Amino acid sequence: MTIKLHGFPLSPRAFKTLFAAEQFGVPYELVPIDFARGDTRTPAYTAMNPNQRMPVMDHDGFYLWESNAIINYLAEQKPDGGYLPKDLRTRVLTQQWQFWDSNHWDPAAAVFMFENVVKKIFGRGDADPVELRRGAELMGRLAPVLDGQLAKTRYVVGDRLTVADVSLGGTVVSADQAGMPLSEYRGIQRWLADLRAMPGWQKAAALMKPPG
Ligand SMILES: N[C@@H](CCC(=O)N[C@@H](CS)C(=O)NCC(=O)O)C(=O)O
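As the structure is a prediction and not an experimental result, all values here were calculated from the model.

1. Let's talk about the layout of surface pockets
Of the pockets and cavities examined, the largest pocket occupies roughly 950 Å³. Around the largest pocket, the lining comprises 33 residues; the ones closest to its centre are Ser11, Arg13, Phe35, Arg53 and Met54. Taken together, the elements giving at least two residues each to the lining of the largest pocket come down to α1 (12–24), α3 (67–76) and α4 (88–121). Counting residues per element, the lining of the largest pocket draws most heavily on α4, which supplies 10 residues. Here the lining of the largest pocket is composed, by residue class, of 15 nonpolar, 10 polar and eight charged. Looking at which domains feed residues into the lining of the largest pocket, each of domain 1 (3–81 + 202–206) and domain 2 (88–198) supplies at least three.

Structure, rendered in structure tokens:
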């Protein structure tokens, strides 16, 4: 049966799974999550993801949460695509960057997403300048690391698109809207322009609409 991706379409964490499916050419069905309706709190949803968070993937009753794990599962559906490289060292380098995404890059980006985007959408008040300063400090340490890598290679790990690009690029899909301080990093900007031009990115971005 078709893979179901449950996600709140405005979230970068949902976006990156949609980008993966679209770009890798894996058929899927998007099941839009409406937080306000309590979609992630139902017993059926909790059975799929006890964290009551999105995204979650359902493939014939096999449930998978954590966006980067979902991306890798999708990459495995198209083993000849090379998105999860077969060579051991290249593969673990893609995973190194994905762990870096989950542990560092995503939490830094999330500060800007929450303060400048989520608060507006859900009417949760003004952005907190203390939090934005904390986000800028985090980004100021992380962005040069990614930028330095992208000065050496076209994509994050070598000259081909891998799951690492989908994870890291997807995290900053709303960088401009969220006011992430990334404009001065030429390697990151060049790479993002490359990703944004991909058909899979554009198709997934077109799905980033509020539910309802
Ligand atoms: N590390 C997780 C993060 C998932 C996550 O925190 N999702 C948020 C929205 S972006 C969520 O579902 N929040 C609902 C809640 O906290 O109740 C991933 O990448 O999948």
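2. With respect to the pairing of strand β1 (residues 3–7)
Counting buried residues along β1, four of its five residues qualify, which places the element largely inside the surrounding structure. Pairing between β1 and strand β2 (residues 28–32): five bridges, direction parallel. Bridging from a neighbouring strand, lysine 4 pairs with glutamate 29 of β2. Regarding the hand of the β-α-β motif, the stretch spanning β1, α1 and β2 is right-handed. In this structure, β1 lies alongside strand β3 (residues 56–59), joined through three bridges in antiparallel fashion. Bridge assignment links leucine 5 to a residue of β3, and that residue is methionine 57.

3. With respect to the domain arrangement of the protein chain
Accessible area lost when the parts come together is the quantity often used to give the size of an interface. Splitting the protein chain by domain gives domain 1 (3–81 + 202–206) and domain 2 (88–198). Between the C-alpha centres of domain 1 and domain 2 there is a distance of 20 Å. If you look at the interface, domain 1 gives 17 residues, while domain 2 gives 20 residues. Carbon and sulfur atoms make up 60% of the area that domain 1 and domain 2 hide from each other, which totals about 1,600 Å².

Calculation criteria
In this numbering scheme, every chain counts its residues from 1 along its sequence in written order. Whole-chain, interface and lining totals are the exception, using all residues; otherwise, since this is a predicted model, local features are given only for residues with pLDDT of at least 70 and side-chain atom pairs are given and counted only at 80 or more. Heavy atoms from the whole structure form the basis of all side-chain values; hydrogens and water molecules are not counted. Both cavities and pockets are sets of points on a 1 Å grid over the protein atoms alone; in a cavity a 1.4 Å probe fits but cannot get out, in a pocket the set is open with protein on both sides within 12 Å along at least five of seven lines, and lining residues sit with an atom within 4 Å of a point. Grid points are joined across faces, edges and corners, and a volume is the space filled by probe spheres set on the points. Secondary structure follows DSSP: runs of H or I at least 4 residues long count as helices, runs of E at least 2 residues long count as strands, and numbering of each begins at the N terminus. Ten residue types, Ala, Val, Leu, Ile, Met, Phe, Trp, Tyr, Cys and Pro, are classed as nonpolar, four, Asp, Glu, Lys and Arg, as charged, and the remainder, Gly among them, as polar. Residue ranges for the domains originate in an automatic or database domain assignment. Burial here depends on accessible area, computed with a 1.4 Å probe over protein chains only, as a share of the maximum for the residue type. Under 20% is buried, over 50% is exposed, and the range in between is partly exposed. We treat two strands as partners when DSSP finds at least two bridges between them. Looking down the strands as they point away from you, a crossover is right-handed if its path from the first strand over the helix to the second goes clockwise. We call two residues in contact whenever any of their non-hydrogen atoms come within 4.5 Å of each other. Two parts placed together each lose some accessible area under a 1.4 Å probe, and adding up what both lose gives the buried area.

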